[in-house]
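# Coordinates in review
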Amino acid sequence: MIEFCYQDTIGDYLVPNGTPPLILKKMKEMDNPSEVFDEGGYQDDLKLEIGVSTFRHIMALLDHAKVEYRECSVSERLTEDYLLPIPLFGAANGVMGIPNGQIVCEFTKTFSSKTLEHIKSKKCKVLLDHVNEGLPYNKEWCEHLHNILDDSDLPRDSFYFFTGNNTFKENYEKDFDGELVNIVECTFFETYTKDYCNSSSLNNEVFSSHRRSKHFLSLNRSPRLHRGKMFNYLKKNNLLKYGYVSYIDENYYVDGELTTNAEDNQAGAFIEREYFENSYFNIVTETWFYEKSLFLTEKIFKSVIYHQPFLLLSGYHSLKLFKELGYKTFDSIIDESYDDIKDDEIRFSMIMDQINRLSKMTIDEVHDMYLSVKDILEYNYDHLLSEHDVMGIEFFNQ
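Source: prediction; values computed, not measured. (Residues numbered from 1 in each chain as written. Predicted model: local features only at pLDDT ≥ 70, side-chain atom pairs only at ≥ 80, totals over all residues. Heavy atoms only, no water.)

### Section: the overall build of the protein
Assigned secondary structure in the protein consists of 13 helices and 14 strands. In terms of C-alpha radius of gyration, the protein reaches 22 Å, essentially the compact-globule figure of 21 Å for 398 residues. With respect to the three principal axes, the spread of C-alpha positions in the protein is 70 × 45 × 40 Å. Considering the protein as a whole, with its 398 residues, one finds that 54% of them fall into the buried category. A separation of at least 24 residues holds for 73% of the contacts in the protein among residues at least 6 apart in sequence. On the protein, roughly 17700 Å² of surface is accessible, and the fraction owed to carbon and sulfur atoms is 45%. The protein carries 41 positive and 67 negative side-chain charges, and their two centres are separated by 3 Å. (Helix = DSSP H or I, 4+ residues; strand = E, 2+ residues; numbered from the N terminus. Rg over C-alpha atoms; globule rule 2.2 N^0.38 Å. Buried < 20%, exposed > 50% of the residue type's maximum accessible area, 1.4 Å probe, protein only. Contact = heavy atoms within 4.5 Å. Areas by Shrake-Rupley, 256 points an atom, 1.4 Å probe, with all protein chains shown as cover. Lys, Arg positive; Asp, Glu negative; His and termini not counted. Charge placed at Lys NZ, Arg CZ, Asp CG, Glu CD.)

### Quick word on the pattern of salt bridges
Within this structure, the stated rule accounts for 16 salt bridges. Of the charged contacts in the structure, one is a salt bridge between lysine 194 and glutamate 387, with a shortest N-O distance of 3.9 Å. Linking lysine 194 in helix α6 (residues 188–199) with glutamate 387 in the segment after α13 (374–385), this pair joins segments that are 193 residues apart in sequence. In this structure, aspartate 344 and arginine 347 form a salt bridge, with 2.8 Å as the shortest nitrogen-oxygen distance. Taken together, the residues span about one helical turn, with aspartate 344 and arginine 347 both in helix α11 (residues 344–359) at a distance of 3 residues. Taken together, the shared-partner salt bridges in this structure form one network comprising Glu205, Arg273 and Glu277. (Salt bridge = Lys/Arg side-chain N within 4 Å of Asp/Glu carboxyl O.)

### Here we look at the side chain of histidine 118
Among the secondary structure elements, histidine 118 is positioned in helix α3 (residues 113–120). The exposure class assigned to histidine 118 is buried, which follows from its relative accessible area of 6%. Residues within four places of histidine 118 in sequence aside, it is in contact with Val74, Arg77, Tyr82, Lys123 and Cys124.

### What about the sheet that holds strand β14 (residues 310–313)?
Ordered by their spatial adjacency, 4 strands build an open sheet running β12-β11-β13-β14, and the pairing between neighbours is parallel. Of all the strands in the sheet, just β12 (243–247) and β14 have a single pairing partner and so form its edges. Going from strand to strand, the sheet's axes swing by 20° on average, the running direction of each strand aside. Note: strand β13 (residues 279–285) against β14, 4 bridges, orientation parallel. Of the residues in β14, the one forming a bridge with isoleucine 283 is leucine 311. The sheet strands contacting helix α9 (residues 298–305) are β13 and β14, and the helix crosses β13 at an angle near 165°. (Pairing = 2+ DSSP bridges. Axes fitted to C-alpha atoms, helices over the stretch in contact; angles between N-to-C directions.)

### Quick look at unusual backbone geometry
The phi dihedral of lysine 47 is positive, around 60°, even though this residue is not glycine. Position of lysine 47 among the secondary structure elements: in the loop between β4 (42–43) and β5 (48–49). Even without being a glycine, asparagine 238 presents a positive backbone phi close to 60°. Its place among the elements puts asparagine 238 in the loop between α7 (225–236) and β12. The exposure class assigned to asparagine 238 is partly exposed, which follows from its relative accessible area of 48%.

Function cannot be inferred from these measures alone, as they are strictly geometric.
Shown next as structure tokens:
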């Protein structure tokens, strides 16, 4: 059985590995030490985030794949070899010693002498869990990682970086050679969305041929450059009237006055049902567009759940990745050649051209177009809920 081990405990609570010493000290004085990670781990007294969080995302993938595991302290493990998870949070700068909005504490500085010995003797593999983020590839960030490992004389190949960025490995191996950290790419949000649907009675959705009021839907909360440019394009070309659109950075709402706070920005809320059901296609603005990241989130899989064709504002070859996961796209009604364009500005312009074309169609034309892809919409929904391989899980089956 797989064992995820923790260095520190407070009573029965397993303290996330990599927790900075000053936070650990604070936790020991709390009635409920886990509360220190609420609100994204933001520490009001320091005006900084903690660079780690609670370990749960890899375990969610294992639960889905029905892989058995247990959590325990290092001293209570049953096996000689074990895994030490470090759940990275947000930009994951603080744990790398980079001062940028997080408490600076290199994660290797939190290792006990026993843990260091176990890593060096290959008894312990360290998992850097970041599957729920699509951290854009950054050479400097990787150099920081290499440096803190080398400074402690730790073998790089005992470390495994689990990421939602499906182009991280390619970029990393172009920039570095020799002994490298292992990169494991995942699509966490496909599994997350499927499990959410099964637990929330969204696993019996059906295609509906009813007529709808709006051409499209595009809900945008966290400010991003490509989202701002897309909103401005819609506004400049008088296209906002054809869709349900929100963008917090412009104080433009259709789904309530939601903020960027974690409480208002739950990935699995699925509160937008009425807007999906009264529009024909979705303009999905993923987290990253201009950055070196290929990251699919719940945003695209919501379209699958609610049976909507979509245009995807995301990284180069995002549609290709979506199809590699076994899904179909909509090239019979949308010119999807934009996905093959590396130049971000050209790709963006091509997507805007498609939005303009679809918006200028009559509502009857869009309705007929929607009906024409019924089979694809139903296939994608069935595929999401089917039993198929979980990307990134191969590591645990070795």
